[in-house]
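Reading the structure
Chain by chain, the residues run as shown.
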Amino acid sequence: MVLITLAVTLFVLFLSLRSIASVYTDYLWFDSMNQTGVWRGVLGTKIAMAVVFVAVFFALLRGNLAIADRLAPRFRPAGPEEELVERYHAAVGGRVGLVRTGVSLLLAIIAGVPAMDRWSDWLLFRNHQTFGVQDPQFHKDVGFFVFQMPFLTFLVQWAFAALLIVLIVTAAEHYLNGGIRAQAPVQRVTPQVKAHLSVLLALLALVKLAGYWLQQFDLTTSTRGTVDGATYTDVHYQLPAVRLLALISVAAAVLFLVNIRRRGWVLPVLGLGLWAFVAVVAGSILPAFMQKVSVEPSESSKERPYITNNIEATRAAFGLAVNTNDFAASSALSTPDLQKNVATLSNIRVWDPDSQILGRTLPALQSIRDQYAISDVDVDRYNLKGALTQVNIAARELNTPGVPQSSWEATHLAYTHGYGVVMSPASAQTDTGQPSLVISDIPVVDRAGITLTRPGIYFGEELSGYVVVGSKRQEIDYTDTNGQNVFAAYQGQDGVKLGLLTRAAFALRFGDLNLLISGNITPSSRIMINRDVRARVEALAPFLSFDGDPYPAVVDGKIQWIIDGYTTSNRYPNSQRALTDRTGGLTGRFNYVRNSVKAVVDAYDGTVSLYIVDESDPIARAYRSAFPSLFAKDAPSQALKDHFRYPEDLFKVQTNMWGRYHTDNPDTFYNGSDAWVVARDPGTQASVLPTSTIPGQAPQAPAGSIPPYFQLMALPGETQQSFVLVRPFVPANSGTDLNKQVLTSFMVAKPDPSDPGRLKSYVITNATKPPGPAQVAGNLQSKDKVSQLQTLFGGQNGGSDVVYGNLLLIPVDQSLLYVRPIYVQASDNRIPKLTRIVAFFDGDVGVGTTLGEALRDIPRFAKLAALAGGAGSPGSPGGSPPPTTSPGAIETVAQLLADAERDLTDADAALRAGDLAGYQAKVNSAKAKVQRASALAGASSGSGSAPTTTAPASTTTSSTESASA
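Since the model is a prediction, treat every value here as computed from it, not as a measurement.

1. So, the overall build of the chain
- A tally of helices and strands in the chain yields 28 helices and 30 strands.
- For the chain, buried positions account for 53% of its 965 residues.
- Here the chain displays about 40,800 Å² of accessible surface, and carbon together with sulfur accounts for 56% of that area.

2. Focus on the packing of aromatic side chains
- Counting across every chain of the model gives 39 aromatic pairs.
- Residues Tyr-466 and Phe-510 carry aromatic rings whose centres are separated by 4.8 Å and whose planes lie at 40° to one another, so their mutual orientation is tilted. With Tyr-466 in the loop between β10 (456-457) and β11 (467-469) and Phe-510 in helix α16 (residues 500-510), this pair connects stretches of sequence that are 44 residues apart.
- Residue Phe-510 is classed as partly exposed on the basis of its relative accessible area, which comes to 29%.
- The ring of Tyr-212 has Lys-208 sitting right over it, with the charged end atom 5.5 Å from the ring centre.
- If you follow Lys-598 out to its NZ or CZ, it ends over the ring of Phe-644, 5.5 Å from the centre.

3. A word on the sheet that holds strand β14 (residues 496-497)
- If you walk across this open sheet you meet the 3 strands as β11-β15-β14, and the pairing is antiparallel. Either end of the sheet is taken by a strand with one partner, and the two such strands are β11 and β14.
- Pairing between β11 and strand β15 (residues 526-528): 3 bridges, direction antiparallel. Counterpart to Val-469 in the pairing with β15 is Arg-526.

4. A closer look at the pairing of strand β20 (residues 608-612)
- The buried count for β20 comes to 4 of 5 residues, which makes it a mostly enclosed element.
- Counting the residues in the hairpin turn of strand β19 (residues 592-602) and β20 gives 5 residues, including Gly-606, whose phi is positive at 75°.

5. Observations regarding the nonpolar core
- With 148 residues, the main nonpolar core has Phe-318, Tyr-382, Leu-515, Ile-527, Phe-543 and Leu-630 as its most contacted residues.
- With 15 residues, helix α6 (residues 142-177) is the single largest residue contributor to this core.
- Residues in contact with Phe-318, not counting those within four places in the same chain, are Ser-575, Gln-576, Arg-577, Ala-578, Phe-590, Asn-591, Tyr-592, Val-593, Arg-594, Val-653, Gln-654 and Met-657.

6. Things to note about the confidence of the model for the chain
- The predicted model of the chain has a mean per-residue pLDDT of 85, with 86% of residues at 70 or higher.
- Across residues 685-697, confidence stays below pLDDT 50; counting only partners more than four residues off in sequence or on other chains, it has 23 contacts.
- Counted against residues more than four places away or in other chains, residues 939-965, with its pLDDT under 50, gives 26 contacts.

7. Quick word on helix α9 (residues 266-295)
- Of all the bends in α9, the greatest reaches close to 35° and is centred on Ile-285; the proline Pro-287 follows between one and four positions later.
- Residues of α9 that are buried: Pro-268, Gly-271, Trp-275, Val-278, Ala-282, Gly-283, Pro-287, Met-290, Gln-291, Ser-294 and Val-295.
- Contact partners of the buried residues in α9: α7 (191-218), α8 (232-258) and α10 (299-302).

8. Looking at α16
- Looking only at α16, the buried set comprises Thr-502, Arg-503, Ala-505, Phe-506 and Ala-507.
- Positive backbone phi, at 60°, marks Gly-511, one or two positions downstream of α16.

9. Digging into the pattern of salt bridges
- Throughout the structure, instances matching the rule amount to 25 salt bridges.
- With a closest N to O distance of 3.2 Å, Lys-750 and Glu-718 form a salt bridge. Within this pair, whereas Lys-750 is found in the loop between β24 (745-749) and β25 (759-764), its partner Glu-718 is found in the loop between β22 (709-714) and β23 (721-731), the two being separated by 32 residues in sequence.
- Overall, Lys-750 belongs to the buried group, its relative accessible area being 12%.

10. Let's talk about the pairing of strand β28 (residues 815-826)
- Counting buried residues along β28, 11 of its 12 residues qualify, which places the element largely inside the surrounding structure.
- The pairing of strand β26 (residues 800-804) with β28 spans 5 bridges and is classified as antiparallel. When the bridges of β28 are listed, Tyr-804 appears paired with Ile-822.
- Across 5 bridges, strand β27 (residues 808-812) lies against β28 in antiparallel orientation. The residue of β28 that forms the bridge with Leu-809 is Tyr-818.
- Hairpin geometry of β27 and β28 is characterised by an intervening segment of 2 residues between the two adjacent antiparallel strands and by a positive phi of about 55° at Asp-813.
- Across 7 bridges, the pairing between β28 and strand β29 (residues 833-841) is antiparallel. Each residue of the ladder has a partner; that of Pro-821, found in β29, is Ile-837.
- Where β28 hands over to β29, the hairpin turn is made up of 6 residues, of which Arg-830 adopts a positive phi near 60°.

11. Structural notes on a nonpolar patch on the surface
- Side chains of Leu-3, Leu-6, Leu-10, Leu-13, Leu-17 and Ile-20 sit close together on the surface and give an oily, nonpolar patch of about 600 Å² of accessible area.
- Topologically, Leu-6 is positioned in helix α1 (residues 2-32).
- Assessed through its relative accessible area of 46%, Leu-6 is described here as partly exposed.

12. A closer look at the side chain of Arg-381
- Structurally, Arg-381 can be placed in strand β3 (residues 378-384).
- Here the side chain of Arg-381 touches Phe-644 through a polar contact of 2.9 Å, landing on its backbone oxygen.
- Not counting chain neighbours up to four residues away, the residues in contact with Arg-381 comprise Leu-388, Thr-389, Gln-390, Val-391, Lys-641, Asp-642, His-643, Phe-644, Arg-645, Phe-723 and Pro-751.

13. What to know about unusual backbone geometry
- The omega angle of the peptide bond from Ile-442 to Pro-443 is -5°, so this bond is cis rather than trans.
- Summarising the element assignment, Pro-443 is placed in the loop between β8 (439-440) and β9 (445-446).
- Phi is positive for Asn-530, close to 50°, though the residue is something other than glycine.
- Within the fold, Asn-530 resides in the loop between β15 and α18 (533-540).
- In this structure Asn-530 comes out as partly exposed when scored by relative accessible area, which is 21%.
- Positive phi values are uncommon outside glycine, yet Asp-842 reaches one of about 50°.
- Within the element layout of this structure, Asp-842 appears in the loop between β29 and β30 (844-848).
- Looking at Asp-842, the relative accessible area reads 46%, which means it is partly exposed.

14. A few points about the environment of Ile-764
- Here Ile-764 lies in strand β25.
- The class for Ile-764 is buried, based on a relative accessible area of 3%.
- Each C-alpha atom of the pair Ile-764 and Phe-327 lies 4.8 Å from the other, and the pair is 437 residues apart in sequence.
- With sequence-adjacent residues up to four places away left out, Ile-764 is seen in contact with Phe-327, Leu-743, Thr-744, Ser-745, Lys-769 and Pro-770.

15. Notes on the packing of α7 against α8
- Interhelical geometry of α7 versus α8 gives an angle of 165° and a closest axis separation of 8 Å. Between α7 and α8, the angle falls in the class roughly antiparallel. Remark: the crossing between α7 and α8 carries left-handed chirality. Here Ser-198, Val-199, Leu-201, Ala-202, Ala-205, Leu-206, Leu-209, Tyr-212, Gln-215 and Gln-216 of α7 come into contact with α8, specifically with Leu-239, Val-242, Arg-243, Leu-245, Ala-246, Ser-249, Val-250, Ala-252, Ala-253, Phe-256 and Leu-257.
- Counted by class, the contact of α7 with α8 contains 16 nonpolar, 4 polar and 1 charged residues.

16. Re the side chain of Asn-656
- Residue placement: Asn-656 occurs in helix α21 (residues 648-661).
- We classify Asn-656 as buried; its relative accessible area is 9%.
- At a separation of 3.3 Å, a polar atom in the side chain of Asn-656 contacts the side chain of Arg-727.

17. Notes on the packing of helix α2 (residues 36-70) against helix α4 (residues 96-112)
- At a closest axis distance of 8 Å, the pairing of α2 and α4 adopts a crossing angle of 145°. When you trace α2 past α4, the crossing you get is right-handed. Residue-level contacts link Ala-50, Phe-53, Val-54, Phe-57, Phe-58, Leu-61, Arg-62, Leu-65 and Asp-69 of α2 to Gly-97, Arg-100, Thr-101, Val-103, Ser-104, Leu-105, Leu-107, Ala-108, Ile-109, Ala-111 and Gly-112 of α4.
- Tallied by class, the residues present in the contact of α2 with α4 amount to 13 nonpolar, 4 polar and 3 charged.

Calculation notes
- Position numbers for residues count from 1 along each chain, tracking the sequence in the order it is written.
- Per-residue local features of the predicted model are confined to residues with pLDDT of at least 70, and side-chain atom pairs are confined, for both listing and counting, to 80 or more; whole-chain, interface and lining totals are unaffected and use all residues.
- Note that water and hydrogens are dropped before the side-chain values are worked out from all heavy atoms of the structure.
- Strands are runs of DSSP state E lasting at least 2 residues, helices are runs of H or I lasting at least 4, and numbering of each runs from the N terminus.
- Accessible area is worked out with a 1.4 Å probe on protein chains only. A residue is then buried under 20% of its type maximum, exposed over 50%, and partly exposed in between.
- A 1.4 Å probe and the Shrake-Rupley method give the accessible areas. Residues count as covered only by the protein chains that appear here.
- Each pair of aromatic rings taken from Phe, Tyr and Trp, with Trp reduced to its six-membered ring, is defined by centres within 6.5 Å and is described as stacked if the planes are under 30 degrees apart, edge-to-face if over 60, and tilted in the remaining cases.
- Consider the ring centre and the ring normal. A charge sits over the ring if Lys NZ or Arg CZ is within 6 Å of that centre and within 35 degrees of that normal.
- For two strands to be treated as a pair, DSSP must find at least two bridges joining them.
- Among buried residues, those of type Ala, Val, Leu, Ile, Met, Phe, Trp, Tyr and Cys that are joined through side-chain atoms within 4.5 Å constitute a nonpolar core.
- Residue contacts are defined here by distance: any two heavy atoms, one from each residue, within 4.5 Å place the two residues in contact.
- Per-residue confidence from the prediction method is given by pLDDT, with values spanning 0 to 100.
- Axes are fitted to the seven residues ending at a residue and to the seven starting at it; the angle between these axes is taken as the bend at that residue.
- We define a salt bridge as a side-chain nitrogen of Lys or Arg found within 4 Å of a carboxyl oxygen belonging to Asp or Glu.
- Here the term patch refers to residues with relative accessible area over 30% and no salt bridge, with like charges joined within 9 Å and nonpolar side chains (Val, Leu, Ile, Met, Phe, Trp, Tyr) within 5 Å.
- Nitrogen and oxygen atoms within 3.5 Å of one another constitute a polar contact, given that in protein one can donate a hydrogen and the other can accept it, and given that sequence-neighbouring residues count only through two side-chain atoms.
- For helices, the fitted axis covers only the stretch in contact; all axes are lines through C-alpha atoms, and the angles between them, taken along N-to-C directions, range from 0 to 180 degrees.
- For classification purposes, angles smaller than 35 degrees are called roughly parallel, those larger than 145 roughly antiparallel, those between 65 and 115 roughly perpendicular, and all remaining angles oblique.
- When the near helix sits turned anticlockwise from the far one by under a right angle, the crossing is termed left-handed; a clockwise turn instead gives a right-handed crossing.
- Residues are grouped as follows: nonpolar covers Ala, Val, Leu, Ile, Met, Phe, Trp, Tyr, Cys and Pro; charged covers Asp, Glu, Lys and Arg; every other residue, Gly included, is treated as polar.

If you want it as structure tokens, here you go:
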């Protein structure tokens, strides 16, 4: 028995030590991040709230028990239950005070400690801000609902529950003291006890009064009506019922106090009965009845002003300040129009960054070794060769399960980081149908002119556990092409130094004794934790929501992870609950959202910078007031801002909402006659389904919707390129009927937070709407020239599959162009290769190996010699292919000749190195480009239009002669 007791004690102690170690090591981590203020602020607030609520409850209960003891009758009257009471007193004996204190403390801990979970509500309450907008029903600033209501509601609910427990325990104490005798023949409750309990009941009634006062404001988030918020039934029936109940609670409190001087409990019982009757009838049955028989038969007219309130509130809460533009889709797209949109056409994406295309191709080409992994491909834009270019970029991160050795030293001391990024233009390919890599390989090969001086990636996506740097075991920076390890010591600032006590604490935290006993760890060694960038920023700012897709950017030679941060609330009055997608960082129930914060994490040293980019957001201002040291005081550099994007998760929510809220006419809104939904993704088999209504969760957006996609383009009516998100709409009543899925609108979002017109909606004004994405996809599949590709490539060697890429809608001036890449993947390696590009314009379909060829395959564009015709240059020997001309580009003579000259320079280098195959490949590439330049110059002269750019004569001569040789 002694051994069992000792074992249990040691086990409990061990569990406690791990908890203590976790708290201590968390502090050490925050200290290493210079953010102990956040750690103290959050933990201190939690502890303070727990202590305050425990103390209040303890004082309340212990005080009432003391009063009960003073009011106890001197002699307990005899009764049937006296034997039970006597046993209690015999067991307690002289320890009755200690028992009362123990019971009070135990119940106080149970009731008070959970209050620490409301620390965020308290911080917002204490640092509340104003919105400068009043709700139309109560004329209170929105800040009252968002900042003060949550904590006040919790406080009243807690107070009511606490008083109810105190009442029950106090009544039990009076029973044990003899002040209450349930089976006494005459006086069952002494006057003193009756007065005590009456006061407690009066206090409960007054707390309920405060609850009713708050409950009326809760009607602004009601979900009863046709829209969220205070609707007709809430205002005309529920609100009067709540106010009536408030008056009854006051009357009940008075009756309880009056009852002190009256015999019996008749008045309080009548008061409680009336209270319960009104609560059931007026508070529940009547509003539901009137909603059914009075409101619903004439809902459109009665709900009209409340629908207007909902539209205005929802637009404000979701930042739907959308610039609406008419778009008369035209088929009159001419050669000058195409030439004017060279930059847009050159950046049309032909490589999908999703997991099925580049998510397979880039890992196969560039993971290099098993200890590295490319888990996610992102889209960004960079200045390549003087032109802003849309690119796909991926970080080559550490893949611990693939480390050659499975030893503790290898996985925690030697292989500590990933290496470099892979980058390719989103619109470029090689002759072999692979992405044209401009940054690749280990060590880094940079063909883009983007200097990467710090390629080590210690912090990335989906990294768990820990690594130790600065140990006696050398870190492997990378393994060269000869299989030799290249070592490098970590030079960054991240990590917690591992003294003896720290080693023991982390050993307890991770349950890993090696941290404590390893001879490779020295006092100067440092342990790195929280290496997943999203988990890292969530640990620093647990009150924010973060986008589900962090993305890397090369800024000033460093790899920086950028993560969009959101503030949310479910208390914005009269705003609709969000329609959310099933994936991403914005989930749960909310009716207000702002992308107020950009989090930037250095991939090498883990430095986190939180920039507030929306100063108009009161919630962000409140958190900055609570944690002034957490947010960066300086603005982000322009080089960093150049890589900020409009957040995908936010755009998903906004477009899901905009489909219904683009109209400000309450009758049109109610009828749903002009409602839209995001177009169905032709790449999925999912139907457009009704939204789900899971209790407590935000409604879900229709399944199978086209996800937002980035595109670098000049928007209609603009000349400057913008890196925008795009999402198309079709009629909401189209369902699965392909004939109804016409294009009604498309919405775009610009990245600059300071741009007041960053959200734009282009509404199709044509009487006959152009086809939507699903219709275009069906049209493409029905064309022989497309369907034959399945036979041509799917049957090669009997083991290939044809994969259709994303169908992209590209506005070109006032015309609509659809582009879809087609990939072929062999069944043995499943690596997609770009094989064809399909273009759809005004009912015509073109197919080619490049976008230029696909457009020329459309009859009306057949003579457009200004479009690119080549697929790119061959790969360089011994490595990844060099950059090629974009398949969607409209080439110029000067560009072609400059590229040809670079090919000839590379050919000379290959010849000097004895690489005859590489030399011949480069010469052939130069010849092809010179021929295209000659054809372009001739075609332009013959058509009476000059080429876009004229090449210097010396360059032309040199390139031509060299190519001819």
